[in-house]
Structures are given as structure tokens and as C-alpha cells.
Amino acid sequence: MNSFAVLKENRQLILFPILSGISMLLVISSFVVAALAAAGWDTESFRETDPHNVLNYVFVFLYYLVNYFIIVFFNTALVHCTHLYFMGQEVTIKKGLQFSLSRIGAIFAWAAFAATVGTILRLLQDNMGRIGKIVISLIGIVWSIATFFVVPIIAYERLGPLGAFKRSTQLMKEKWGESLSANFSFGLVQFVLIAGVAIACFAIGALIHPIAGMVIFILCLFTVLVVMSAAKTIFISAVYHNINGDPVKHFNQQLADNLFEQK
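On to the overall build of the protein, then. Counting its regular elements, the protein contains twelve helices and two strands. Shown N-terminal to C-terminal, the secondary structure of the protein runs as helices and strands in the order α-α-α-α-α-α-α-α-α-β-α-α-α-β. In the protein, the share of contacts with a sequence separation of at least 24, taken over all contacts with a separation of at least 6, comes to 75%. For the protein, the accessible area works out to roughly 14,600 Å², and carbon and sulfur atoms hold 68% of it.

Next up on the list: the state of the cysteines. Applying the stated criterion across every chain yields a total of zero disulfides. C201 supplies the cysteine sulfur nearest to C220, a cysteine that is in no disulfide, at a spacing of 4.8 Å. According to the relative accessible area criterion, C220 is partly exposed, its value standing at 28%.

On to a nonpolar patch on the surface, then. Among the surface-exposed residues, I120, L124, M128, I131, V135 and I139 lie close enough to one another that they form a single nonpolar patch of about 490 Å² accessible area. Of all elements in the fold, only helix 6 (104–127) and helix 7 (129–146) reach the threshold of two or more residues within the nonpolar patch. Element by element, the count of residues in the nonpolar patch is highest for helix 7, at three residues. In this structure, L124 sits in helix 6.

Another point: the packing of helix 1 (residues 2–9) against helix 11 (residues 210–243). Where helix 1 meets helix 11, the axes come as close as 8 Å, and the angle between the chain directions of the two elements is 110°. With respect to helix 11, the axis of helix 1 lies roughly perpendicular. Residues S3, F4, V6 and L7 of helix 1 touch helix 11, and the partners they reach there are V227, M228, A230, A231, I234 and F235. Of the residues contributing to the contact of helix 1 with helix 11, the split by class is nine nonpolar, one polar and no charged.

Across the interface, helix 4 (residues 54–86) lies against helix 5 (residues 93–102) with an axial gap of 8 Å and an inter-helix angle of 125°. Our classification of the angle between helix 4 and helix 5 gives oblique. The two elements helix 4 and helix 5 meet at a crossing, and its hand is right-handed. Judged by residue contacts, F73, F74, T76, A77, H80, C81 and L84 of helix 4 engage K95, G96, L97, F99, S100 and L101 from helix 5.

Core analysis: the biggest nonpolar cluster contains 46 residues, and L13, F16, F149 and I154 have the highest contact counts within it. Elements with a minimum of two residues in this core: helix 1, helix 2 (15–38), helix 4, helix 6, helix 8 (150–156), helix 9 (161–176), helix 10 (186–207) and helix 11. For this core, the leading source of residues is helix 4, giving eleven residues. If near-sequence neighbours (up to four positions away) are discounted, F16 is found in contact with F74, A77, L78, C81, I93, G96 and L97. With five residues, the next largest nonpolar core counts V60, Y64, L65 and A111 among its residues.

What the rule picks out here adds up to 15 aromatic pairs. An angle of 50° between the planes, with centres 6.2 Å apart, marks the rings of Y64 and Y68 as tilted. Separated by four residues within a single helix, Y64 and Y68 lie in helix 4, roughly one turn from each other. Take Y68: its relative accessible area is 24%, and that puts it in the partly exposed class. Between F113 and F165 the ring centres are 6.3 Å apart and the planes differ by 55°, which places this aromatic pair in the tilted class. One end of the pair, F113, is in helix 6; the other, F165, is in helix 9, with 52 residues separating them in the sequence.

Let us now look at the side chain of S237. Turning to its location among the elements, S237 is positioned in helix 11. The residues touching S237, leaving out its near neighbours within four places in the chain, are V79, T82, H83 and F86.

Turning our attention to helix 1. Turning to helix 1, its buried residues are S3, V6 and L7. Along helix 1, the residues classed as buried sweep out an arc of 100° about the axis, all on the same side. Tucked into the core, helix 1 has its buried residues touching helix 4, helix 10 and helix 11.

With respect to the helices and strands, A146 occurs in helix 7. The exposure class of A146 is buried, given its relative accessible area of 10%. A sequence separation of 23 residues divides A146 from T169, and the C-alpha atoms of the two residues are 4.8 Å apart. With near-sequence residues (within four places) excluded, A146 lies in contact with F165, S168 and T169.

So, how was this worked out
- Residues numbered from 1 in each chain as written.
- Predicted model: local features only at pLDDT ≥ 70, side-chain atom pairs only at ≥ 80, totals over all residues.
- Heavy atoms only, no water.
- Helix = DSSP H or I, 4+ residues; strand = E, 2+ residues; numbered from the N terminus.
- Contact = heavy atoms within 4.5 Å.
- Areas by Shrake-Rupley, 256 points an atom, 1.4 Å probe, with all protein chains shown as cover.
- Disulfide = S-S within 2.5 Å.
- Buried < 20%, exposed > 50% of the residue type's maximum accessible area, 1.4 Å probe, protein only.
- Patch = residues over 30% accessible without salt bridge, like charges linked within 9 Å, V, L, I, M, F, W, Y side chains within 5 Å.
- Salt bridge = Lys/Arg side-chain N within 4 Å of Asp/Glu carboxyl O.
- Axes fitted to C-alpha atoms, helices over the stretch in contact; angles between N-to-C directions.
- Parallel < 35°, antiparallel > 145°, perpendicular 65-115°, else oblique.
- Nonpolar A, V, L, I, M, F, W, Y, C, P; charged D, E, K, R; others polar.
- Left-handed = near helix turned anticlockwise from the far one by under 90°.
- Core = buried A, V, L, I, M, F, W, Y, C linked by side-chain atoms within 4.5 Å.
- Phe/Tyr/Trp six-rings, centres within 6.5 Å; stacked < 30°, edge-to-face > 60°.
- Arc of directions from axis to C-beta.

Interpretation note: all reported values are geometric properties and have no functional meaning in isolation.
Okay, structure coming up:
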């Protein structure tokens, strides 16, 4: 709720996840076109491609690389705008984008590092069967906790990708210990909101017209995803600055202390 309060006072920040989402749609479209072109525009041949082909993993790496770069680029801009707000300075989209451009080398380096890790995990998952999928899922949870502060660290601490990863892990250990469970879940809130929207749109489709229900659902789904993405990034930025002793409006030390608990 504190994250939403910050977003409510700075509604222009919603543009960052919107720009990120549009960019991702363009990237996905370009990769689909490239993959079809490589298969000679033959959809049957495309479906029959060996999933373990080396070229497929090259595509996976490139997709992860562009994906992480876009997400971190716009999240860095959002983190900086959040920082400006906490410091009582003027918040503008231009300032956020200019800051991200100033950190573009570090952002690309992190994207390459994360894409490499993602591709390796994908390779292991494809070749280890059911057990592999379970192991990779557990690793994914550990990765999400270990990289919790990566974006603000990339933004402000001038570290390389491995250094940012180690620093984020160090912050988690120093603040909350080594064996953690979260006391918060943006995913749960997002699920509840999407479920509510789905039920409402189903009713609209049944009472008015199915197409009307579908169109409204797509628009509402996009809105929920964008708002939740912005709120989560604001949340991470606020906690990071709180830990470093910076002034953070709407967030206090007790709130940060209770975010995680020992298992």
C-alpha cells in the first residue's frame, strides 16, 4: 500500500512499465519473425525443429539478453525517479531515462550476465527431465531473492554484474540472514486482482457480448500488470534506500525489518 501511495503521487511513473511492455512486445514479435524466417516461413518445419539444437539456445540467449536489458533499463529509470521523489526533488520521465542512459554499460553487462545464467538453467532443465525442472524451480527462487536489490545497486554503486550479484546477496544476508522467507507477495496481490477482473469480465461477456468482455479483460489485465510492475520496483527502491539510511517517504525501519523472516 505504501508503494501504491508513492505511485499515486507520481502517476507519470506508470509510463516506464508501459514503455517496457511495448518494447517487449516488439522484441517478441521480431524474434518470432526471425525464427520463422530461419525455418523458411514453414510453420510445420518450425514446430519440428529439434529443441536441443545449439541454434535454439543461441536464440534463447539473445532473447534473454534483450529481455533483461529492456526490463532493467526502464526499471533503473523508475528507481532513479523514486529516489528523486524520496529526496524531495522534481520527478520527470526525462530525468529517469537520462539516468538509465548514463548507466547503459552496466545495464547491458548485467543483462548479458543474467542471460548467460538463464540460458544455462534452461539447458539444464531441458536435459534433466522432471527432477531438473524441480531443481531449476528451487534455483529460480534463490535467484530472485539473491538479486532482489540488483537494479538499485547497478544504478548507484558502480559495480559490475558479478559484483552487483554479490552485493545484493550480501545485503540480504546482513539484513535478514541466510535462510529467508518473504512476508510479502506482489504475486499474490496480482493474482487476486486478475481473478477479480476475470470474473467481472466474464459476467460482462455473458450479459452484453463475449467480445466486449474479452476486450475489457485485455485492457484491465494490461493495467494490472503495469501498475503492479511499477509498485514492485518502487518497493524495491524504497527498501534499498531505507537499508542505506536514506530518507524514504511512506516507509520506515520497522517495515523493512519485517519484510523477511528466518526460516
